[in-house]
Amino acid sequence: MRISAYTRLNRKQKTTTIGLAAAAGITALTAGIAPGSDGGDAGRSPAKPVAGHSANADAAGKKQTAAAKGEHAKDTKSVQLAGASAGHQTKAYQGKDAKAEQKNEAEADVKAEQEKKAEDVRADRGSSRAADRATKADNLDGWIKQARSIMKEEGIPGSYHGIKKNIIRESGGDPNAVNDWDINAKKGTPSKGLLQTIQPTFDAYHVEGTKHDVTDPVANIVAACNYAADKYGSMDNVNSAY
């Protein structure tokens, strides 16, 4: 019968042997789970350092900050562009207002110039008409004919016979005749001229171009016939004091 080596050991030796074996097992177990050991976890990859995760977080934060700055820059640029556009529009409006004002001033100048030319033409015509309508005849027949020529231009009715008969009755053909005794004379406005016209009536019915003088033969006839046309239809209808 074979006896093992362990059986031949006494009690003290056995105790010592068991203790050593246990200690060796604990040491081996501890060594197996210690960092860097290959026991049990030989197929696992080592854990990544925490520092790497922190670096990634920092990089992400920097990207977000950069993106935020970019957006802010875009917003700022948009505001600047909007301001520039508004300023441009304001200048454009101001430019349009200035052009409109210049145009209005130019049109006003043109209108004023046209009015001045028209006034000059009227003045020239008035001067020419005055010269044409100035009394040229030196007798009753000539005065009546010249008066009727002006009356025709002005649309004032009156025949040669109708005018002459009233002249003969009123003044006897004297252009300087003055009535100083009738009611008009008493009122301070005596009848004067070929057709015995008072000054207020002459002034009211005076025809432009003729001389503004109640005793002027042609001017007196034309004004008196103008008054008779207004009150009686024509000097031809007047057969007495009027």
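Note that residues are indexed from 1 along each chain, following the sequence as it is written. At least 70 in pLDDT is required for a residue's local features to be given in this predicted model, at least 80 for side-chain atom pairs to be given and counted, and no such filter applies to totals for whole chains, interfaces and linings, which use all residues. Hydrogens and water are ignored here; the side-chain numbers use all heavy atoms of the structure.

S.K.: Any chance you could break down the overall build of the protein for me, citing the residues and the numbers?
M.R.: The numbering of helices and of strands both runs from the N terminus, where a helix is a DSSP run of H or I of at least 4 residues and a strand a run of E of at least 2. Scanning the protein for helices and strands turns up seven helices and two strands. Counted from the first residue to the last, the protein has its helices and strands arranged as α-α-α-α-β-α-β-α-α. The classification of residues rests on relative accessible area computed with a 1.4 Å probe and restricted to protein chains. Under 20% of the type maximum is buried, over 50% is exposed, and intermediate values are partly exposed. Across the 242 residues that make up the protein, the buried fraction comes to 21%. Restricting the contact set of the protein to residue pairs at least 6 apart, pairs at least 24 apart contribute 49%. Accessibility throughout is a Shrake-Rupley quantity obtained with a 1.4 Å probe, and a residue counts as covered only by protein chains that appear here. As displayed, the protein offers around 17,200 Å² of accessible surface, 55% of which is attributable to carbon and sulfur atoms. Contacts are residue-level and defined by heavy atoms, with any inter-residue pair within 4.5 Å sufficient.

S.K.: Mind laying out the layout of surface pockets, listing which residues take part and the relevant values?
M.R.: Approximately 290 Å³ is the volume attributed to the largest pocket. Together, Glu170, Asn179, Asp182, Asn184, Ser191, Gln196, Thr197, Ile198, Thr201, Tyr227, Ala241 and Tyr242 line the largest pocket. Ten residues, namely Ala, Val, Leu, Ile, Met, Phe, Trp, Tyr, Cys and Pro, are considered nonpolar, four, namely Asp, Glu, Lys and Arg, are considered charged, and the remaining ones, Gly among them, are considered polar. Taken together, the residues that form the lining of the largest pocket break down as four nonpolar, six polar and two charged. Site definitions follow a grid-based scheme: protein atoms alone, a 1 Å grid, a 1.4 Å probe that fits but cannot get out for cavities, and for pockets an open set with protein on both sides within 12 Å along at least five of seven lines, plus lining residues having an atom within 4 Å of a point. Grid points are joined across faces, edges and corners, and a volume is the space filled by probe spheres set on the points.

S.K.: Residue-level account of the packing of aromatic side chains, with values.
M.R.: Ring geometry is summarised as follows: Phe, Tyr and Trp rings, the Trp one being its six-membered ring, pair when their centres sit within 6.5 Å, and such pairs are stacked at plane angles under 30 degrees, edge-to-face over 60 and tilted between the two. In total, this model carries two aromatic pairs according to the counting rule given. Aromatic side chains Tyr205 and Tyr227 sit 5.4 Å apart centroid to centroid with 75 degrees between the ring planes, which places their arrangement in the edge-to-face category. Here Tyr205 is found in helix α6 (residues 199–205), whereas its partner Tyr227 is found in helix α7 (residues 217–232), with 22 residues between them in sequence. With a relative accessible area of 16%, Tyr205 lands in the buried category. Residue classification places Tyr227 among the buried residues on the basis of a relative accessible area of 15%. Relative to Tyr242, the ring of Tyr227 has its centre 6.1 Å away and its plane inclined at 35 degrees; by these criteria the two rings are tilted. Placement of Tyr227 in helix α7 and of Tyr242 in the segment after α7 is noted, with a sequence separation of 15 residues between them. The class of Tyr242 is partly exposed, set by a relative accessible area of 23%. An aromatic cluster is built from Tyr205, Tyr227 and Tyr242, whose rings are joined through pairwise contacts.

S.K.: Residues and numbers for the pattern of salt bridges, please.
M.R.: In the sections that follow, a salt bridge refers to a side-chain nitrogen of Lys or Arg positioned within 4 Å of a carboxyl oxygen of Asp or Glu. A complete count under the given rule lists four salt bridges for this structure. Residues Glu154 and Arg133 are paired through a salt bridge, measuring 2.9 Å at the closest nitrogen-oxygen approach. Of this pair, Glu154 sits in helix α3 (residues 140–154) while Arg133 sits in helix α2 (residues 50–133), and the two are 21 residues apart along the sequence. The salt bridge partner of Arg169 is Glu170, with a shortest N-O separation of 3.2 Å.

S.K.: Go over α3, please, and point to the residues and values.
M.R.: For α3, spanning 15 residues, the distance from its first C-alpha to its last is 21 Å, which sits close to the expected 21 Å at 1.5 Å a residue. Just past α3, the residue Gly155 takes up positive phi, approximately 75 degrees. Any helix carries an expected span of 1.5 Å times its number of residues minus one.

S.K.: An account of the nonpolar core is requested, with residue identities and associated values reported.
M.R.: We define a nonpolar core as any set of buried Ala, Val, Leu, Ile, Met, Phe, Trp, Tyr and Cys residues linked to one another through side-chain atoms lying within 4.5 Å. One finds Ile163, Ile167, Ile221, Val222, Cys225 and Met235 to be the most contacted residues of the largest nonpolar core, which totals 20 residues. Every element with two or more residues in this core is listed here: α3, α4 (160–170) and α7. The residues touching Ile163, leaving out its near neighbours within four places in the chain, are Ile144, Arg148, Met151, Gly158, Leu195, Ile221, Cys225, Met235 and Asp236.

S.K.: Account for the environment of Lys165, naming residues and giving values.
M.R.: Tracing the backbone through its elements, the reader meets Lys165 in helix α4. For Lys165, a relative accessible area of 29% translates into the label partly exposed. Residues Lys165 and Asp236 lie 71 residues apart in sequence; the distance between their C-alpha atoms is 8.9 Å. Among all residues touching Lys165, those that are not within four sequence positions of it are Asp236, Val238 and Asn239.

S.K.: Help me get a handle on a negative patch on the surface, residues and values and all.
M.R.: Patch construction takes residues with relative accessible area above 30% that form no salt bridge. Like charges are linked within 9 Å, and nonpolar side chains (Val, Leu, Ile, Met, Phe, Trp, Tyr) are linked within 5 Å. Here Asp and Glu are counted as negative and Lys and Arg as positive; His is not counted, and neither are the chain ends. A single reference atom marks each charge: NZ on Lys, CZ on Arg, CG on Asp, CD on Glu. On the surface, Asp97, Glu101, Glu105, Asp109 and Glu113 cluster together into a patch of negative charge. Summarising the element assignment, Glu101 is placed in helix α2. Assessed through its relative accessible area of 48%, Glu101 is described here as partly exposed.

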